[in-house]
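Letter by letter, the chains look like this.
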Amino acid sequence: MFFSATHCCFIRKVIWWRAAASIAWSVLLLPPTTAVFVMLSNFSFLHPIQTITDCLALLTSASSVFSFILLGGVVIMVGFLTLEYYTVIPTIACSKIALLGQLLQPRQVVNSFAHCLMGMIVGWCCAVAVGHRYETLGYPGKSSDGHPRMCLNEYHLVFLLAGAFVGFSHSLLGVIHNINYVSFHTVQQYKYLHFKGSLPLVVKCSSIQAFYAVRNFLVVYFFLGYIPKTWICKTLNLHLDSSVHPLDSIAGVVDLSLLYHLWISATFLLFTWYITLLLFRIFVTEVYSFPVQLTFTEDSHQCLPKVLTDNQPMILKFLALQDLALLSKHSPSRRREVFSLSQPGGHPHNWNTVSKECLALLTDLTQRLATYHETVATNGRSKSLSSGSERKTSSETSVTSSSEDLMSPRLAFPMKTPASVFARSIAGGAHSPLTAPFTPDLDSPFASPALRRLTAPMDQCSPWYGSVQSPHIMRRAPKLWSTSTESQVSGSPPPSPALVPSPKQEAAKPSFLAQFLQNRKEQVKSFMAKRVLIMYLLNKLPEASSQALFADSQAHIWALEALSYLVQASFTEDQYGVVQTTLPSILSSMLYLQEAVDRHFKLPHASSKPLRSTNSMEHFTYKTLRFALRATLKTAIYRITTTFGNHLKAVQMSAEHRKRLQQFLEFKE
């Protein structure tokens, strides 16, 4: 991703320095964390004093210093990978196959390989720190005939493989649970208090995930452990000691000492990585104050209104929206700068830019929700129609090819008299001899009003005149043609194809190749629908579509808060009335968005809250953003209505919006 010089300067001065500070603190916290790990892995209740002495001697040894250097390098590498892969908008897979595609992306494969290698390095450091039988990969032994030889230390090999397995599983879980997603907290805290409050959660998540990772590793090693063991022995010319129980057996798996040391080592690995991730989240999401306006024009790109209009990088836009929401709520002096007029000229450029960007965000979300609802409705209609025979499908395909035939009134009103007869009567006059037996006297007072509408010439201002331009009407075309069952229920006979010659339909008949491809497509669909595994991969995950639709709703929440607080403050602080010019647009955008959100929550799985997981470092907020947006939207409208009260009745808006706004004024929403 290439950014402008302004954005690169901001990333270097703000984001990179914040990331560097988080990595530095992670490295500084590494010695006490390692000391605690060494104490827990070598502690003896029978000899506590000797344990402390041995741990101090181990921590000051040359091998421990080298291990510290390696662990510091691993922590720095984890910090750089977090900086490279972090995101403020989570990537949500709507199906199993989409999630599999994310895991197999080349960029993610490189990330997984890097974590696997770093996990192996941490495993080696843990084996050296624990010592005893885990310290070296080979040890001197004797063969059956008494000759000395080097034997494989399988305990050390298990530590290395367990570290690689934990690192690989951590990378995969990072994609599945969106661990690299950076969430902005609603309540602002000092960094120290935030870190202190999150530390117990890090310890809990690390220990629980380490337990499951070790369990899965032992299962894999029990069945496939002979593969790396044989390869290492052939590569390094090592031998297996027959006097020692192999660890890929029942006797080796139930070794409690080995299980404990594997679990404590995996916990140490995950704890150091999660601490780095936690500190990165705390530092990057810290509030950054942008100037509203500057005296010198060469620095105007650093102003808040200018930054809001940029969409890349997204962290910059999110920090700007966060600052806007906070200043609209807590800073009267900065609000006055937003309401101020430019000199010379007297134009409210700051307010115009801020309000335009916030309204653009709300409009974009409204359009996305409307498109999603139309897609769901269209899929529902096409699914119900496609359940019929293959003949219905081909007829619908031929119908949708001609827009004039789709919008013809004869489709909605089937009659015995052919529609072409009325067309000839219109062209040849009311008293044409060709149409006398079929067409009644339209000037008679007993003529049917529906018949007059059918035979009357089309008005050019009518939406039915000419070719249809609206995509919404086009999508309703299959419903207009599915009148055979409806006509039978209502009692009117269906139109006979022999009585209605339609040369346009014959011209629009699909070709042999199109029919062949359509038939093959239906055959492939029916074949895949019978395969359980394929349908398991292709089926939509519950709530995933709704979560993906509101994945970036944190920006919309800040936009709603900023607009509502600024409008509320303008009641007493806006000396020039700059907010009043856009108040109708703000209210209309909020009401349109609330209507779209209310429609969305009527869909299946949209109103069900997912279960909160306390055993993972994933941010739970992106799964509930739609609930936060709905609450923020209603609160924003109430904030405006309670401030202005009955003065809002003078604002120009549609009758439907005025009725909806009256519900807020009466506190009935």
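Each residue is numbered by its place in its chain's sequence as written, counting from 1. pLDDT decides what is reported in this predicted model: residues at 70 or higher carry local features, side-chain atom pairs at 80 or more are listed and counted, and totals for whole chains, interfaces and linings draw on all residues regardless. Remark: hydrogens and water are excluded; side-chain values derive from all non-hydrogen atoms of the structure.

### Quick word on the overall build of the protein chain
In this text, helices come from DSSP runs of H or I with a minimum length of four residues, and strands from runs of E with a minimum of two, each type numbered from the N-terminal end. In terms of helices and strands, the protein chain carries 31 helices and two strands. In the protein chain, buried positions account for 41% of the 669 residues. Taking all contacts inside the protein chain whose residues are at least 6 apart in sequence as the whole, residues at least 24 apart take part in 77%. Looking at the protein chain as shown, the accessible area adds up to about 36,900 Å², and 64% of this sits on carbon and sulfur atoms. For every residue, the accessible area obtained with a 1.4 Å probe (protein chains only) is divided by the maximum for its type, and the residue is called buried under 20%, exposed over 50%, and partly exposed between those limits. Contacts are assigned to residue pairs that have any heavy atoms within 4.5 Å of one another. Accessible surface area values rest on a Shrake-Rupley calculation with a 1.4 Å probe, where residue burial reflects the displayed protein chains alone.

### Side note on the UniProt feature "transmembrane region" (unreviewed entry) in the protein chain
UniProt positions are given in the numbering used here, feature names are shortened, and annotations may be inferred rather than shown by experiment. Here the UniProt-annotated "transmembrane region" (unreviewed entry) positions come out as residues 23-43, 55-79, 116-135, 155-180, 201-224 and 262-284. As a span, residues 116-135 carries 75% helix and 0% strand, and end to end its C-alpha atoms are 20 Å apart. For residues 155-180, the helix share is 85%, the strand share is 0%, and the end-to-end C-alpha distance is 33 Å.

### Concerning unusual backbone geometry
Not every positive phi belongs to a glycine, and Asn178 is a case in point at roughly 55 degrees. On the secondary structure map, Asn178 appears in the loop between helix 7 (154-176) and helix 8 (191-224). When its relative accessible area of 9% is taken as the criterion, Asn178 is described as buried.

### Structural notes on the packing of helix 28 (residues 553-573) against helix 29 (residues 583-600)
Only C-alpha atoms enter the line fits that serve as axes; for helices the fit covers just the stretch in contact. Angles between N-to-C directions range over 0 to 180 degrees. The N-to-C vectors of helix 28 and helix 29 enclose an angle of 140 degrees; their axes lie 12 Å apart at closest approach. Comparing the axis directions of helix 28 and helix 29 gives the class oblique. The interaxial crossing formed by helix 28 with helix 29 has left-handed handedness. Along the contact surface, helix 28 presents Leu560, Leu563, Ser564 and Val567, while helix 29 presents Leu583, Ile586 and Met590. Note on residue categories: nonpolar means Ala, Val, Leu, Ile, Met, Phe, Trp, Tyr, Cys or Pro, charged means Asp, Glu, Lys or Arg, and polar means any other residue, Gly included. Residue classes in the contact of helix 28 with helix 29 are distributed as six nonpolar, one polar and no charged. Working rule for angles: under 35 degrees goes down as roughly parallel, over 145 as roughly antiparallel, 65 to 115 as roughly perpendicular, anything else as oblique. By the definition used in this description, the sense in which the near helix is turned from the far one sets the handedness, with an anticlockwise turn below a right angle giving left-handed and a clockwise turn giving right-handed.

### Focus on the pairing of strand 2 (residues 148-152)
Pairing between strand 1 (residues 138-142) and strand 2: five bridges, direction antiparallel. Across the sheet, residue Pro140 finds its bridge partner in strand 2, namely Met150. Pairs of strands are assigned from DSSP output, requiring at least two bridges between the strands.

### Observations regarding helix 11 (residues 256-284)
To estimate how far a helix should reach, multiply one less than its number of residues by 1.5 Å. The end-to-end C-alpha distance of helix 11 is 42 Å, a good match for the 42 Å that 29 residues give at a rise of 1.5 Å each. Burial within helix 11 is extensive, with 24 of its 29 residues counted as buried. You can read the cap of helix 11 off the contacts: a side-chain oxygen lies 3.3 Å from the backbone nitrogen of Ser257, and it is on Asp255. Between N or O atoms, a polar contact is any pair within 3.5 Å; within protein, one atom must be a potential hydrogen donor and the other a potential acceptor, and residues adjacent in sequence are included only when both atoms are from side chains.

### Considering the pattern of salt bridges
Throughout this description, the term salt bridge denotes a Lys or Arg side-chain nitrogen within 4 Å of a carboxyl oxygen of Asp or Glu. Within the structure shown, the criterion is met by 13 salt bridges. Put simply, Asp248 and Lys229 hold a salt bridge, and the shortest N to O gap is 3.1 Å. Of this pair, Asp248 sits in the loop between helix 9 (226-236) and helix 10 (250-253) while Lys229 is found in helix 9, placing the two residues 19 residues apart along the sequence. When its relative accessible area of 18% is taken as the criterion, Asp248 is described as buried. On the basis of relative accessible area, Lys229 is assigned to the buried category, the value being 7%. Between Asp323 and Arg334 there is a salt bridge, with the nearest N and O atoms lying 2.8 Å from each other. Of this pair, Asp323 sits in helix 13 (residues 314-330) while Arg334 is found in helix 14 (residues 332-339), placing the two residues eleven residues apart along the sequence. Residue Asp323 is classed as buried on the basis of its relative accessible area of 2%. Because the salt bridges share partners, they merge into one network encompassing Glu154, Lys229 and Asp248.

### A few points about the side chain of Glu154
Take Glu154: it is sitting in helix 7. Those residues in contact with Glu154 that lie beyond four places of it in its chain are Tyr221, Lys229, Pro246, Leu247 and Asp248.

### Structural notes on the packing of helix 14 against helix 28
In the contact formed by helix 14 and helix 28, the axes pass within 11 Å of each other and the chain directions differ by 85 degrees. For the element pair helix 14 / helix 28, the angle class is roughly perpendicular. Along the contact surface, helix 14 presents Pro332, Arg335, Val338 and Phe339, while helix 28 presents Leu566, Ala569, Ser570 and Glu573. When grouped by side-chain class, the residues that make up the contact of helix 14 with helix 28 number five nonpolar, one polar and two charged.

### As for the nonpolar core
Ranked by internal contacts, the top residues of the largest apolar core, which has 79 residues, are Ile15, Leu324, Trp351, Met590 and Leu648. No other element matches the ten residues that helix 28 contributes to this core. Here Met590 is in contact with Leu362, Leu560, Leu563, Ser564, Leu633, Ala636, Ile637 and Ile640, once residues within four sequence places are set aside. Val75, Tyr134, Val202 and Ala210 belong to the second largest nonpolar core, which has 57 residues in total. Residues belong to one nonpolar core when they are buried, are Ala, Val, Leu, Ile, Met, Phe, Trp, Tyr or Cys, and are joined through side-chain atoms within 4.5 Å.

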